[in-house]
Amino acid sequence: MKKSIVLIGFMGVGKTTLGKELARKLQCGFLDIDAEIEAKYGMEAVDIFNVYGEKEFRKTEREMIVDACQLEGKVISVGGGAFMQEEIRKACMEHAIVIFLDMSFGYWKERISLLLPTRPVLQGKSLEEIKSLFDERQAIYNEHHIRLPIDNLDVDAAVQTIHDKLK
Ligand code: S3P
């Protein structure tokens, strides 16, 4: 494996969990961009948004992903908002293999209460507003190399499917 793999998809669909397992299966390194950003600021994303603002978070996210996607042989999970930035989309599509973890809203919405405390972008939004955000982002995630529908798919099955698709 030469090009790195970038996992995209809405927040909380399992990019980090799946990414770790995929990296293990492919015997390569794993990079979680959100964890890297949180390590840089020494605080969780929700606090970075509160203290430094979303603009600062997005700038750091952009710089890290544009660099990381040019590395060789890594599995990289990026935050659900990353692909909203054209510069990130372009760099990932050019340098890496972009895999879209596609979960339906009906399936995803069962996770909302679990995600709310740690996802700044969801806070203060109604279900309708979250659904609009979901739809807006699905359109952006359409830029990818491989799409994996993941409703009802456990981690092992998802990793195996990606592994087969990469052959
Ligand atoms: C965000 C998603 C989060 C994190 C930040 C912003 C978003 O990552 O990057 O809270 O805008 O969708 P996950 O997709 O891993 O939840």
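Residue positions are given per chain, counted from 1 along the sequence in the order it is written. Confidence filtering applies because this is a predicted model: local features only for residues at pLDDT of at least 70, side-chain atom pairs given and counted only at 80 or more, and all residues used for totals across whole chains, interfaces and linings.

- Going by what an unreviewed UniProt entry lists, the chain is known as Shikimate kinase and is assigned to Oceanobacillus indicireducens.
- UniProt positions are given in the numbering used here, feature names are shortened, and annotations may be inferred rather than shown by experiment. Regarding the chain, the relevant UniProt record gives this comment under Sequence similarities (unreviewed entry): "Belongs to the shikimate kinase family."

### Notes on the packing of helix α3 (residues 45–52) against helix α4 (residues 54–68)
- Here, axes are lines fitted to C-alpha atoms. For helices the fit covers the stretch in contact, and angles between N-to-C directions go from 0 to 180 degrees. The helix count covers DSSP runs of H or I at least four residues long, the strand count covers runs of E at least two residues long, and both are numbered beginning at the N terminus. α4 packs onto α3 with a crossing angle of 120° between their chain directions and a minimal axis gap of 7 Å. Judged by the inter-axis angle, α3 sits oblique to α4. Here α3 contributes Ala45, Ile48, Phe49 and Tyr52 to the contact with α4, which in turn contributes Glu54, Glu56 and Phe57.
- For this classification, the nonpolar set comprises Ala, Val, Leu, Ile, Met, Phe, Trp, Tyr, Cys and Pro, the charged set comprises Asp, Glu, Lys and Arg, and every other residue, Gly included, is treated as polar. Along the lines of polarity and charge, the residues of the contact of α3 with α4 split into 5 nonpolar, no polar and 2 charged. Orientation is classified from the angle alone, with under 35 degrees giving roughly parallel, over 145 giving roughly antiparallel, 65 to 115 giving roughly perpendicular, and any other angle giving oblique. Whether two residues are in contact is decided by their C-beta atoms, placed from the backbone, lying within 7 Å.

### Topic: helix α1 (residues 15–26)
- A rise of 1.5 Å per residue sets the reference length of α1, with its 12 residues, at 16 Å; its end C-alpha atoms lie 16 Å apart and thus fit the reference within 8%.
- Two residues or fewer after α1 comes glutamine 27, characterised by a positive phi angle close to 55°. Multiplying 1.5 Å by the residue count of a helix minus one yields the expected span of that helix.

### Regarding the UniProt feature "binding site: ATP" (unreviewed entry) in the chain
- Taken from the UniProt record, the annotation "binding site: ATP" (unreviewed entry) applies to Gly12, Val13, Gly14, Lys15, Thr16, Thr17 and Arg119.
- Here exposure depends only on C-beta density: within 10 Å of a residue's C-beta, 20 or more other C-beta atoms make it buried, 12 or fewer make it exposed, and intermediate numbers make it partly exposed, the C-beta atoms being placed from the backbone. You can call glycine 12 partly exposed: it has 18 C-beta atoms within 10 Å.
- Setting aside its immediate chain neighbours within four residues, glycine 12 contacts Arg111, Leu115 and Arg119.
- A residue is classified by how many C-beta atoms lie within 10 Å of it, and threonine 17, with 13 of them, is partly exposed.

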